[in-house]
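# Descriptive analysis of the structure
Below, each chain spelled out in residue letters.
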Amino acid sequence: MSSLSADLVLSGGGVKGVGLVGAVVALLEAGYAVQRVSGTSAGSIVGAIVAAGSELTSAEVKDLALQLDYHKFRDPVPAQRLPVIGSSLAVLLGDGMYRGDYAHDWVQSQLRNLGVRTFGDLAIDDDELPPEQRYKLVVTVADVTTGQLVRLPWDYRRVYGLDPDEQSVADAVRASMSIPFYFRPVTLTSAAGLTSTLLDGGLLSNFPVDSLDRTDGVAPRWPSFGITLLPDLPDGIDQVLPDWGLLHRLGPPRLLDDVITTVLVGRDQAYLNQPWVSARTIRVDSTEVGFLDFGITDAQVQALYAKGYHAAQAFLAGWDWDTYLLRFRPTSPIV
(Lines give C-alpha, C1' and ligand atoms only; values in the text may rest on other atoms or scores of the structure.)
Protein backbone atom coordinates (compact mmCIF):
# COMPACT_ATOMS: atom_id res chain seq x y z
CA MET A 1 0.00 0.00 0.00
CA SER A 2 1.31 3.44 -0.89
CA SER A 3 2.86 5.35 2.02
CA LEU A 4 0.84 8.29 0.74
CA SER A 5 -2.56 6.63 0.87
CA ALA A 6 -5.45 8.75 2.09
CA ASP A 7 -9.22 8.84 2.46
CA LEU A 8 -11.12 11.97 1.40
CA VAL A 9 -14.23 13.67 2.77
CA LEU A 10 -15.71 16.23 0.37
CA SER A 11 -18.24 18.84 1.45
CA GLY A 12 -21.31 20.03 -0.38
CA GLY A 13 -21.44 23.43 -2.02
CA GLY A 14 -23.31 23.34 -5.32
CA VAL A 15 -21.34 25.12 -8.05
CA LYS A 16 -18.56 25.68 -5.55
CA GLY A 17 -17.65 22.02 -6.07
CA VAL A 18 -15.16 23.15 -8.72
CA GLY A 19 -12.93 24.09 -5.78
CA LEU A 20 -13.02 20.49 -4.58
CA VAL A 21 -11.65 19.36 -7.94
CA GLY A 22 -8.67 21.68 -7.64
CA ALA A 23 -7.83 20.42 -4.16
CA VAL A 24 -8.17 16.77 -5.17
CA VAL A 25 -5.91 17.25 -8.18
CA ALA A 26 -3.22 18.83 -5.96
CA LEU A 27 -3.38 15.81 -3.63
CA LEU A 28 -3.08 13.42 -6.56
CA GLU A 29 -0.12 15.35 -7.96
CA ALA A 30 1.53 15.12 -4.54
CA GLY A 31 1.41 11.34 -4.88
CA TYR A 32 -1.60 10.46 -2.72
CA ALA A 33 -3.51 7.32 -3.66
CA VAL A 34 -7.15 7.79 -2.66
CA GLN A 35 -8.58 4.70 -0.95
CA ARG A 36 -12.14 5.80 -0.08
CA VAL A 37 -14.21 8.93 -0.61
CA SER A 38 -17.15 10.29 1.36
CA GLY A 39 -19.13 13.12 -0.21
CA THR A 40 -22.24 15.22 0.15
CA SER A 41 -24.06 16.92 -2.74
CA ALA A 42 -21.34 18.48 -4.95
CA GLY A 43 -18.84 16.40 -3.00
CA SER A 44 -20.67 13.25 -4.06
CA ILE A 45 -20.29 14.17 -7.74
CA VAL A 46 -16.56 14.80 -7.45
CA GLY A 47 -16.17 11.83 -5.11
CA ALA A 48 -17.84 9.45 -7.54
CA ILE A 49 -15.41 10.42 -10.30
CA VAL A 50 -12.41 10.08 -7.99
CA ALA A 51 -13.57 6.71 -6.60
CA ALA A 52 -14.36 5.28 -10.02
CA GLY A 53 -11.32 6.77 -11.71
CA SER A 54 -8.60 5.42 -9.44
CA GLU A 55 -6.48 4.66 -12.52
CA LEU A 56 -6.83 8.18 -13.93
CA THR A 57 -3.96 10.64 -13.80
CA SER A 58 -4.41 13.95 -12.02
CA ALA A 59 -4.65 15.71 -15.38
CA GLU A 60 -7.36 13.29 -16.53
CA VAL A 61 -9.34 13.84 -13.34
CA LYS A 62 -9.15 17.59 -13.88
CA ASP A 63 -10.18 17.39 -17.53
CA LEU A 64 -13.07 15.04 -16.81
CA ALA A 65 -14.47 16.97 -13.84
CA LEU A 66 -14.24 20.32 -15.60
CA GLN A 67 -16.31 19.00 -18.51
CA LEU A 68 -19.41 19.42 -16.34
CA ASP A 69 -21.56 22.19 -17.85
CA TYR A 70 -23.19 23.92 -14.90
CA HIS A 71 -25.49 25.94 -17.15
CA LYS A 72 -27.29 22.71 -18.08
CA PHE A 73 -28.13 21.95 -14.44
CA ARG A 74 -31.16 24.21 -14.84
CA ASP A 75 -33.33 21.78 -16.81
CA PRO A 76 -36.87 22.93 -15.96
CA VAL A 77 -39.67 20.62 -14.88
CA PRO A 78 -42.75 20.85 -17.15
CA ALA A 79 -44.62 23.07 -14.67
CA GLN A 80 -41.93 25.73 -14.94
CA ARG A 81 -42.72 26.16 -18.62
CA LEU A 82 -46.06 27.68 -17.68
CA PRO A 83 -46.06 31.47 -17.99
CA VAL A 84 -45.52 33.54 -14.84
CA ILE A 85 -46.44 30.85 -12.28
CA GLY A 86 -44.25 28.04 -13.55
CA SER A 87 -41.46 28.07 -10.94
CA SER A 88 -43.79 28.75 -8.04
CA LEU A 89 -46.14 25.97 -9.09
CA ALA A 90 -43.29 23.48 -9.38
CA VAL A 91 -42.17 24.33 -5.86
CA LEU A 92 -45.71 24.07 -4.46
CA LEU A 93 -46.14 20.68 -6.10
CA GLY A 94 -42.96 19.49 -4.42
CA ASP A 95 -41.18 18.88 -7.73
CA GLY A 96 -38.52 21.54 -7.42
CA MET A 97 -37.79 23.96 -10.22
CA TYR A 98 -35.39 21.71 -12.11
CA ARG A 99 -35.38 18.02 -13.01
CA GLY A 100 -31.71 17.34 -12.30
CA ASP A 101 -31.62 14.94 -15.25
CA TYR A 102 -28.54 16.52 -16.82
CA ALA A 103 -26.48 16.03 -13.66
CA HIS A 104 -27.67 12.44 -13.27
CA ASP A 105 -27.05 11.55 -16.90
CA TRP A 106 -23.61 13.18 -16.90
CA VAL A 107 -22.51 11.26 -13.81
CA GLN A 108 -23.98 8.02 -15.14
CA SER A 109 -22.21 8.45 -18.49
CA GLN A 110 -18.82 9.25 -16.96
CA LEU A 111 -19.06 6.34 -14.54
CA ARG A 112 -20.03 3.99 -17.36
CA ASN A 113 -16.92 5.06 -19.26
CA LEU A 114 -14.90 4.15 -16.18
CA GLY A 115 -16.53 0.73 -15.90
CA VAL A 116 -18.80 1.59 -12.98
CA ARG A 117 -22.59 1.22 -12.84
CA THR A 118 -23.52 -0.12 -9.40
CA PHE A 119 -21.87 0.04 -6.01
CA GLY A 120 -20.81 -3.55 -6.54
CA ASP A 121 -18.32 -2.14 -9.05
CA LEU A 122 -16.84 -0.01 -6.26
CA ALA A 123 -16.64 -2.78 -3.66
CA ILE A 124 -13.28 -3.36 -1.98
CA ASP A 125 -11.80 -6.31 -0.09
CA ASP A 126 -10.76 -4.80 3.25
CA ASP A 127 -11.09 -6.89 6.41
CA GLU A 128 -10.41 -3.87 8.62
CA LEU A 129 -13.71 -2.27 7.62
CA PRO A 130 -17.21 -3.36 8.67
CA PRO A 131 -18.75 -5.44 5.84
CA GLU A 132 -21.34 -2.78 4.97
CA GLN A 133 -18.61 -0.15 4.54
CA ARG A 134 -16.36 -1.98 2.10
CA TYR A 135 -16.84 0.39 -0.80
CA LYS A 136 -14.67 3.09 -2.39
CA LEU A 137 -17.50 5.64 -2.22
CA VAL A 138 -20.17 6.64 0.28
CA VAL A 139 -22.58 9.55 -0.19
CA THR A 140 -24.72 11.35 2.36
CA VAL A 141 -28.46 11.66 1.76
CA ALA A 142 -31.41 12.98 3.78
CA ASP A 143 -34.41 10.60 3.83
CA VAL A 144 -37.29 12.91 4.74
CA THR A 145 -39.82 10.07 4.72
CA THR A 146 -38.12 8.03 7.45
CA GLY A 147 -36.64 11.18 9.00
CA GLN A 148 -32.98 10.23 9.04
CA LEU A 149 -29.57 10.70 7.53
CA VAL A 150 -28.56 7.76 5.37
CA ARG A 151 -25.19 6.90 3.93
CA LEU A 152 -25.33 5.05 0.66
CA PRO A 153 -24.42 2.28 -0.02
CA TRP A 154 -23.85 1.55 3.67
CA ASP A 155 -27.52 1.86 4.63
CA TYR A 156 -29.24 0.25 1.66
CA ARG A 157 -29.66 -3.07 3.46
CA ARG A 158 -30.32 -1.73 6.98
CA VAL A 159 -32.88 0.92 6.05
CA TYR A 160 -34.34 -0.33 2.76
CA GLY A 161 -33.67 -4.06 2.72
CA LEU A 162 -31.89 -3.71 -0.62
CA ASP A 163 -28.68 -5.31 -1.86
CA PRO A 164 -26.16 -2.41 -2.02
CA ASP A 165 -24.16 -4.12 -4.76
CA GLU A 166 -27.16 -3.85 -7.09
CA GLN A 167 -27.87 -0.13 -6.54
CA SER A 168 -26.97 2.57 -9.06
CA VAL A 169 -24.12 4.88 -8.08
CA ALA A 170 -25.49 7.68 -10.27
CA ASP A 171 -28.90 7.43 -8.57
CA ALA A 172 -27.32 7.79 -5.13
CA VAL A 173 -25.26 10.79 -6.25
CA ARG A 174 -28.35 12.41 -7.75
CA ALA A 175 -30.19 11.93 -4.45
CA SER A 176 -27.34 13.50 -2.50
CA MET A 177 -27.52 16.68 -4.62
CA SER A 178 -31.33 17.12 -4.48
CA ILE A 179 -31.36 20.68 -3.13
CA PRO A 180 -34.88 21.16 -1.69
CA PHE A 181 -37.26 23.13 -3.95
CA TYR A 182 -34.48 23.56 -6.50
CA PHE A 183 -34.03 20.03 -7.87
CA ARG A 184 -36.75 17.41 -8.10
CA PRO A 185 -36.49 14.96 -5.17
CA VAL A 186 -35.39 11.36 -5.76
CA THR A 187 -37.60 8.48 -4.63
CA LEU A 188 -36.46 5.05 -3.50
CA THR A 189 -38.74 2.09 -2.82
CA SER A 190 -37.65 -0.35 -0.13
CA ALA A 191 -37.98 -4.12 -0.28
CA ALA A 192 -41.02 -3.73 2.00
CA GLY A 193 -42.71 -1.41 -0.49
CA LEU A 194 -42.22 1.91 1.36
CA THR A 195 -41.30 4.76 -0.98
CA SER A 196 -38.89 7.27 0.55
CA THR A 197 -38.26 10.81 -0.64
CA LEU A 198 -34.54 11.57 -0.73
CA LEU A 199 -33.07 15.07 -0.59
CA ASP A 200 -29.68 16.76 -0.48
CA GLY A 201 -27.46 15.26 2.22
CA GLY A 202 -26.39 18.78 3.18
CA LEU A 203 -29.69 19.15 5.04
CA LEU A 204 -28.24 16.94 7.77
CA SER A 205 -24.50 16.79 7.16
CA ASN A 206 -22.95 19.10 4.58
CA PHE A 207 -19.42 18.13 5.55
CA PRO A 208 -19.45 14.60 7.05
CA VAL A 209 -15.84 14.94 8.11
CA ASP A 210 -16.03 12.09 10.62
CA SER A 211 -17.71 9.60 8.29
CA LEU A 212 -14.55 7.64 7.44
CA ASP A 213 -12.97 7.85 10.89
CA ARG A 214 -12.24 4.61 12.71
CA THR A 215 -14.44 3.87 15.71
CA ASP A 216 -12.69 0.71 16.92
CA GLY A 217 -9.85 2.41 18.80
CA VAL A 218 -7.25 1.05 16.37
CA ALA A 219 -4.58 3.36 14.96
CA PRO A 220 -5.37 4.79 11.51
CA ARG A 221 -3.51 3.34 8.56
CA TRP A 222 -3.44 6.66 6.70
CA PRO A 223 -4.93 10.16 7.02
CA SER A 224 -8.52 11.04 6.30
CA PHE A 225 -8.36 14.49 4.71
CA GLY A 226 -11.37 16.77 4.67
CA ILE A 227 -11.93 19.35 1.95
CA THR A 228 -14.54 21.97 2.79
CA LEU A 229 -16.07 24.82 0.85
CA LEU A 230 -17.79 26.28 3.90
CA PRO A 231 -16.66 29.75 5.01
CA ASP A 232 -14.90 30.16 8.32
CA LEU A 233 -17.54 30.38 11.03
CA PRO A 234 -18.88 32.34 12.80
CA ASP A 235 -17.56 35.27 10.71
CA GLY A 236 -18.89 33.78 7.47
CA ILE A 237 -22.18 32.45 8.76
CA ASP A 238 -24.12 34.80 6.46
CA GLN A 239 -22.48 33.13 3.43
CA VAL A 240 -23.74 29.59 4.05
CA LEU A 241 -27.30 29.91 2.73
CA PRO A 242 -27.85 30.58 -0.98
CA ASP A 243 -28.98 33.95 -2.20
CA TRP A 244 -32.60 33.37 -3.17
CA GLY A 245 -32.80 36.75 -4.88
CA LEU A 246 -35.47 39.30 -4.00
CA LEU A 247 -37.29 36.87 -1.68
CA HIS A 248 -34.15 36.42 0.39
CA ARG A 249 -33.40 40.13 0.53
CA LEU A 250 -36.89 41.06 1.71
CA GLY A 251 -37.00 38.30 4.30
CA PRO A 252 -36.76 36.08 6.26
CA PRO A 253 -35.23 37.86 9.26
CA ARG A 254 -31.56 37.43 10.06
CA LEU A 255 -32.31 35.27 13.10
CA LEU A 256 -34.19 32.74 10.99
CA ASP A 257 -31.28 32.61 8.54
CA ASP A 258 -28.93 31.95 11.45
CA VAL A 259 -31.18 29.22 12.85
CA ILE A 260 -31.39 27.45 9.48
CA THR A 261 -27.63 27.76 8.99
CA THR A 262 -26.95 26.27 12.41
CA VAL A 263 -29.28 23.35 11.67
CA LEU A 264 -27.43 22.73 8.40
CA VAL A 265 -23.83 22.96 9.60
CA GLY A 266 -23.91 22.92 13.40
CA ARG A 267 -23.10 19.24 13.90
CA ASP A 268 -20.27 19.20 11.36
CA GLN A 269 -18.92 22.52 12.59
CA ALA A 270 -18.70 21.25 16.17
CA TYR A 271 -16.65 18.31 14.99
CA LEU A 272 -14.52 20.42 12.66
CA ASN A 273 -13.64 22.71 15.57
CA GLN A 274 -11.82 19.86 17.26
CA PRO A 275 -8.09 20.50 16.74
CA TRP A 276 -7.30 16.98 15.50
CA VAL A 277 -9.97 17.38 12.81
CA SER A 278 -9.16 20.96 11.85
CA ALA A 279 -5.51 19.99 11.40
CA ARG A 280 -6.38 17.56 8.58
CA THR A 281 -8.91 19.76 6.78
CA ILE A 282 -8.28 21.78 3.62
CA ARG A 283 -10.38 24.94 3.50
CA VAL A 284 -11.14 26.34 0.06
CA ASP A 285 -12.14 30.00 -0.22
CA SER A 286 -15.19 29.89 -2.47
CA THR A 287 -16.92 33.07 -1.30
CA GLU A 288 -16.82 34.75 -4.73
CA VAL A 289 -19.27 32.22 -6.18
CA GLY A 290 -22.75 31.46 -4.86
CA PHE A 291 -23.53 27.79 -4.53
CA LEU A 292 -26.60 28.14 -6.78
CA ASP A 293 -24.77 30.26 -9.34
CA PHE A 294 -25.21 27.83 -12.22
CA GLY A 295 -24.54 30.69 -14.62
CA ILE A 296 -20.90 30.62 -13.53
CA THR A 297 -18.49 31.83 -16.23
CA ASP A 298 -15.50 29.89 -17.54
CA ALA A 299 -13.21 32.44 -15.89
CA GLN A 300 -14.93 31.89 -12.53
CA VAL A 301 -14.62 28.13 -12.95
CA GLN A 302 -10.89 28.40 -13.55
CA ALA A 303 -10.44 30.82 -10.65
CA LEU A 304 -12.33 28.58 -8.23
CA TYR A 305 -10.41 25.52 -9.40
CA ALA A 306 -7.15 27.41 -8.81
CA LYS A 307 -8.23 28.38 -5.30
CA GLY A 308 -8.86 24.74 -4.45
CA TYR A 309 -5.57 23.69 -5.98
CA HIS A 310 -3.53 26.32 -4.12
CA ALA A 311 -5.37 25.70 -0.85
CA ALA A 312 -4.35 22.04 -0.99
CA GLN A 313 -0.78 22.93 -1.91
CA ALA A 314 -0.54 25.31 1.05
CA PHE A 315 -2.00 22.66 3.34
CA LEU A 316 0.45 19.99 2.16
CA ALA A 317 3.40 22.33 2.65
CA GLY A 318 2.76 22.17 6.39
CA TRP A 319 1.45 18.62 6.61
CA ASP A 320 3.37 15.73 8.14
CA TRP A 321 1.61 12.48 9.00
CA ASP A 322 4.07 11.39 11.68
CA THR A 323 3.89 14.79 13.36
CA TYR A 324 0.09 14.65 13.26
CA LEU A 325 0.07 11.23 14.93
CA LEU A 326 2.57 12.32 17.58
CA ARG A 327 0.62 15.47 18.40
CA PHE A 328 -2.93 14.16 18.31
CA ARG A 329 -2.70 10.37 18.53
CA PRO A 330 0.26 9.58 20.77
CA THR A 331 -1.29 6.43 22.24
CA SER A 332 -4.76 5.46 21.03
CA PRO A 333 -5.83 7.20 17.83
CA ILE A 334 -9.57 7.49 17.27
CA VAL A 335 -9.50 8.53 13.60
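Cut-off values and rules
Residues numbered from 1 in each chain as written. Predicted model: local features only at pLDDT ≥ 70, side-chain atom pairs only at ≥ 80, totals over all residues. Heavy atoms only, no water. UniProt positions renumbered as here; feature names shortened; annotations may be inferred. Helix = DSSP H or I, 4+ residues; strand = E, 2+ residues; numbered from the N terminus. 1 Å grid on protein atoms, 1.4 Å probe; cavity = no way out; pocket = protein on both sides within 12 Å on 5 of 7 lines; lining within 4 Å. Points joined across faces, edges and corners; volume = space filled by probe spheres on them. Nonpolar A, V, L, I, M, F, W, Y, C, P; charged D, E, K, R; others polar. Buried < 20%, exposed > 50% of the residue type's maximum accessible area, 1.4 Å probe, protein only. Pairing = 2+ DSSP bridges. Core = buried A, V, L, I, M, F, W, Y, C linked by side-chain atoms within 4.5 Å. Contact = heavy atoms within 4.5 Å.

Under the UniProt annotation, "short sequence motif: GXGXXG" (unreviewed entry) lies at residues 12-17. In the segment residues 12-17, helix accounts for 0% and strand for 0%; the C-alpha atoms at its two ends are 7 Å apart.

The calculated volume of the second largest pocket comes to roughly 500 Å³. If you go around the second largest pocket, you meet 28 residues; those closest to its centre are Arg36, Leu129, Gln133, Leu212 and Arg214. The dominant element in the lining of the second largest pocket, judged by the number of residues it contributes, is strand 2 (residues 33-40), at 3 residues. For the lining of the second largest pocket, a count of residues per class yields 11 nonpolar, 5 polar and 12 charged.

Right, let's talk about the pairing of strand 3 (residues 137-143) for a bit. With 7 of its 7 residues buried, strand 3 lies for the most part within the structure. Where strand 2 and strand 3 come together, 4 bridges link them in parallel fashion. Each bridged residue has a counterpart across the sheet, and for Gly39 the counterpart in strand 3 is Val139. Here 5 bridges tie strand 3 to strand 4 (residues 148-152), and the two strands are oriented antiparallel to one another. If you follow Thr140 over to strand 4, its bridge partner there is Arg151. Between strand 3 and the antiparallel strand that follows it, strand 4, lie 4 residues; Gly147 among them carries a positive phi value of about 70 degrees. Bridge count for strand 3 against strand 6 (residues 195-200) is 3 bridges, and the pairing is antiparallel. Each bridged residue has a counterpart across the sheet, and for Asp143 the counterpart in strand 6 is Leu198.

The next point concerns the nonpolar core. Ranked by size, the top nonpolar core spans 89 residues in total, and within it Phe73, Leu137 and Ile227 carry the most contacts. For Ile227, the contacting residues outside a window of four places in its chain are Val9, Leu10, Ser11, Leu20, Ala23, Val24, Leu27, Phe207, Ile282 and Val284.

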